[in-house]
Every structure is written in structure tokens, then in C-alpha cells.
Amino acid sequence: MQESQTMRISGLAKQMQAEGKDIVSLSAGEPDFPTPDFVCQAGIDAIRSGFTRYTPNAGIAELKDAIVAKFRRDNGLEFSPAEIIVSNGGKQTLANTMLALCQEGDEVIVPAPFWVSFPEMARLAGAEPVIVSTTMETGYKITPAQLEAAVTERTRLLVLNSPSNPTGSVYSEEEVRALMKVLEDREIFVLSDEMYDQIVYGEVKPFSPARVDSMRDRVIVSNGVSKTYSMTGWRIGYLAGPKWLIGACGKIQSQTTSNANSIAQKAAVAALLGDQSIVEERRLEFRKRRDFMHGALNDIPGISAALPEGAFYIFPSVAEVLGKTFNGKTLHNSTDVAEFLLAEHYVATVPGDAFGAPENLRLSYAASIAELEKAVGRIRTALA
Ligand code: PLP
């Protein structure tokens, strides 16, 4: 496995901050909003009432019921509680799935730009990630022809992440159906990471591949409360899929970590079943920021950014800047650009190399408009 390439630059940013430098950080992978009060209260109540012991390995019945209701309400999906497992964050559900499904010799198709952990999780399971690159011209989405060309006899799994971290792209119903058509007569599974399903801006409506009837037995849906409810530290994710696979993930979990945190499970019930208006308020705030960033970045010569349709990242290309030199140092790739922006202009971003896109930078707009204005101003000065 590779160690996370993003760690070095974020470590550097932290060190500079500790030295008292005024760093603007757009590197966060989490909402800047607090966990809603009513969710915190449910956690506090759980502690006060002594709900502090082991729970069933796959999660408490109350939470599994809440997840069933969430899938029905938000995604048009029907699952039974036996088709659901609760884990320690979306990350664990994804890792468990790869470990349960894949082995030495298998191939896992991962469209790029990808979320950093997908290829490494496939490797952890002994499988080989097969990276399929996409471009801004296709909205950073793979086409059915690309999928067809990537499939071999060894293909075990396709990973789809819509809305995407880092590009913010969202696959439409038509696009999902066309991709599923390529797989329907083959013994290939789909792991659909829908972590950002509630953070979308209306241009394209997300559509779960689990809604395609012919693939219903081979699509596994991963989600969690981290991003929608600003609960990244609570560590609750959930997985829905065929009972046998959920059982296999349960076995792995029972021998490695056991149940997810009992208190956080109670808080997640409150989040999923409580007043959802906070989700809408925050979505609208993210949309304002997205619009600002898209306009402001595209105004800077040397930068071009697609309009993200979901999540809270923008993924501009800095291809035009590559090859330029500052103080005798040439910017060969996005890591060099990110280091230059941080060292000389105190803006922290994440280089696209880590996401399989060496000509891009990932900027998170989980920050106030004032901070975003400051960051964009500095980037403009830096590139000028
Ligand atoms: N999937 C994607 C696409 C993500 O961006 C993240 C978090 O950054 C996760 C999964 C994992 O989320 P969690 O905090 O629930 O483990």
C-alpha cells in the first residue's frame, strides 16, 4: 500500500500554522459546520442513560430501521434490516466490502479522478486496481465504451462514487443505466459510494445503480452520516447489499473492530430521523460557495474548473501553469503547484496526484466566503 501523499502537504500546512503563519486551508475533507444540536443531545442522552456497552455487531435495530427509512425517503431504495450493516464510518464499509469480495488475481475498476482510498483498499484485499482515466470534457465520468474496454475475465468489482470526491461530478439516471447495461450479463459487482448523496446542487439528480433491476443483486451501496450531518468524528457509516455479502462483512467486522460506537449509533438515529431542514440549509450555503469558487477560479488566467454538481470540492486543472518556473524551481506537477501555493502564498490545497489526476488541485469549499475570497485572491497573485 501507498502512504497517503496528501499527508506531507497537510503536515507542512499544520507546521506553518503552528509557527504563527496565516495559512488559509482549503484542504479539509469535512464540512465546517458543527454537528446539529439535536444530534449531539441524542449522544449525550445515550451516555446519561448508560447506553455505553457493546451493541450487536451489525448495529442496533433502531439504527438499521432508520437506515431502511432513509434509503426509502432519499434514494427510492427498498432494503430490509438484514441487508444492512453499520460500521465505523463509510471507510470501514468500503474496506470490508473489498475484503469480503476480492482476492489475489481479481481486478477492481476504479475511474479516475478517484477518492484516494479506493485503489489502496483494493490492494489491501490482494486485488489489482485498474484505473480508467476520465477528462473534464466528459465531466470526469466514465463512458460505457471505456467500461467495456476495461472489463476482463478477472474483473470482480466496479467502484462508482457519485457525487464524486474530488470532482463533484454526478452520474445521471441515463448514464448509470448505460453503465449497468455493460455489466448486466457479467458476474461483476458494483460498489456505489453515495457518501455525498444529499449534497447536490440540482443540475443532475443522483441515481443509485441499486435502482437498476437487473443489477439489484450485485450492487452494494455505501453511505454514512459524516458529510450530510457534519458528523465526521462520530464514525458511523452503513452498507446495504445482498444478505450473504452483508453477512461476510459482518464476519470480518466481528473479528476486527466489532460494532460501531454505541453512543454514535444513537446520535445517527436522531440525525437520520430528525428534522432534515438543516441538511437543506447547509446544501444552499454550499451551493453559494460553489458558485463563488467556480466563477472566481475560472477568472484566474491559467486555471480552468468544471462546475461541480455535488459534494464540496472543486477540482480545477492547473495544466497551463505546469512547466513554469518560480525562483529557479520548475512546477512539474500538481504537487509542485500545491507546495508553491503553500510555501509562497500560504494557501493549502490538495494536489491532484493523490486522486490520479496530476494536472489538478482539489480545493474544498467547506470554509466561509470570506476565507474563500482570501484564498482565491492569494492564488491569483501567486499565478500572476
Ligand atoms: N467516501 C468518500 C467519497 C469520501 O470522501 C469519504 C470521506 O472523505 C468517505 C467515503 C469516508 O467517510 P467516513 O468519514 O464516513 O469514513
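Residues numbered from 1 in each chain as written. Predicted model: local features only at pLDDT ≥ 70, side-chain atom pairs only at ≥ 80, totals over all residues. Heavy atoms only, no water.

**What about the sheet that holds strand 3 (residues 107-112)?**
Keep this limit in mind: Pairing between two strands requires that DSSP report at least two bridges joining them. Helix numbering and strand numbering both begin at the N terminus, where a helix is a DSSP run of H or I of at least 4 residues and a strand a DSSP run of E of at least 2. Lines fitted to C-alpha atoms define the axes, with helix axes restricted to the stretch in contact, and inter-axis angles between N-to-C directions lie between 0 and 180 degrees.
Spatially, 7 strands are ordered 2-8-7-6-5-3-4 in an open sheet, and the strand pairing comes out mixed. Strands at the two margins of the open sheet, each flanked by one partner only, are strand 2 (84-87) and strand 4 (128-133). Pairwise comparison of adjacent strand axes, ignoring direction, gives a mean angle of 20° for this sheet. Here strand 6 (residues 189-193) pairs with strand 7 (residues 219-224) via 4 bridges, running parallel. Paired with Asp-193 across the two strands is Ser-222, which belongs to strand 7.

**Considering the sheet that holds strand 14 (residues 361-364)**
Spelled out, the test is: Whether two residues touch is decided by their heavy atoms; if any such pair falls within 4.5 Å, the residues are in contact.
Pairing is antiparallel across the open sheet formed by 3 strands, whose spatial order is 9-14-13. Strands at the two margins of the open sheet, each flanked by one partner only, are strand 9 (313-314) and strand 13 (350-351). In this sheet, strand 14 lies alongside strand 13 in antiparallel orientation, the contact comprising 2 bridges. Residue pairing in the sheet places Pro-351 in a bridge with Leu-361 of strand 14. Packed on one face of the sheet, helix 11 (residues 334-345) meets strand 13 and strand 14 and runs near 45° to strand 14.

**Points about empty space enclosed by the protein**
Put simply, the rule reads: The rule is simple: put a 1 Å grid over the protein atoms alone, call a set of points where a 1.4 Å probe fits but cannot get out a cavity, call an open set with protein on both sides within 12 Å along at least five of seven lines a pocket, and count a residue as lining if it has an atom within 4 Å of a point. Grid points are joined across faces, edges and corners, and a volume is the space filled by probe spheres set on the points. Polarity classes work like this: nonpolar for Ala, Val, Leu, Ile, Met, Phe, Trp, Tyr, Cys and Pro, charged for Asp, Glu, Lys and Arg, and polar for all others, with Gly in that last group.
Across all of its chains, the model carries 4 cavities of 30 Å³ or more by this definition. In terms of lining, the largest cavity is formed by 17 residues, of which the most central are Pro-111, Pro-113, Asn-161, Ser-164 and Tyr-171. At the level of secondary structure, the elements contributing two or more residues to the lining of the largest cavity comprise strand 3 and strand 5 (155-161). Of the residues contributing to the lining of the largest cavity, the split by class is 11 nonpolar, 6 polar and no charged. Approximately 60 Å³ is the volume found for the second largest cavity.

**Description of the site of the ligand**
The line we're drawing: When at least one non-hydrogen atom of a residue lies within 4 Å of a molecule or strand, that residue is treated as near it. Polar contacts, as counted here, are pairs of nitrogen or oxygen atoms within 3.5 Å of one another; within protein the pair requires one atom able to donate a hydrogen and one able to accept it, and residues that are adjacent in sequence qualify only if both atoms are side-chain atoms. Computed with the Shrake-Rupley method and a 1.4 Å probe, the accessible areas treat only the protein chains shown as cover for residues.
Around the ligand, 13 residues are found, and the nearest of them are Gly-90, Asp-193, Tyr-196, Lys-227 and Arg-235. For the ligand, an oxygen atom lies 2.8 Å from a polar atom in the side chain of Asn-165. Here the ligand loses 92% of its free accessible area of 400 Å² to cover by the protein chains. A per-element tally of the shell around the ligand places helix 4 (residues 89-101) first, with 4 residues.

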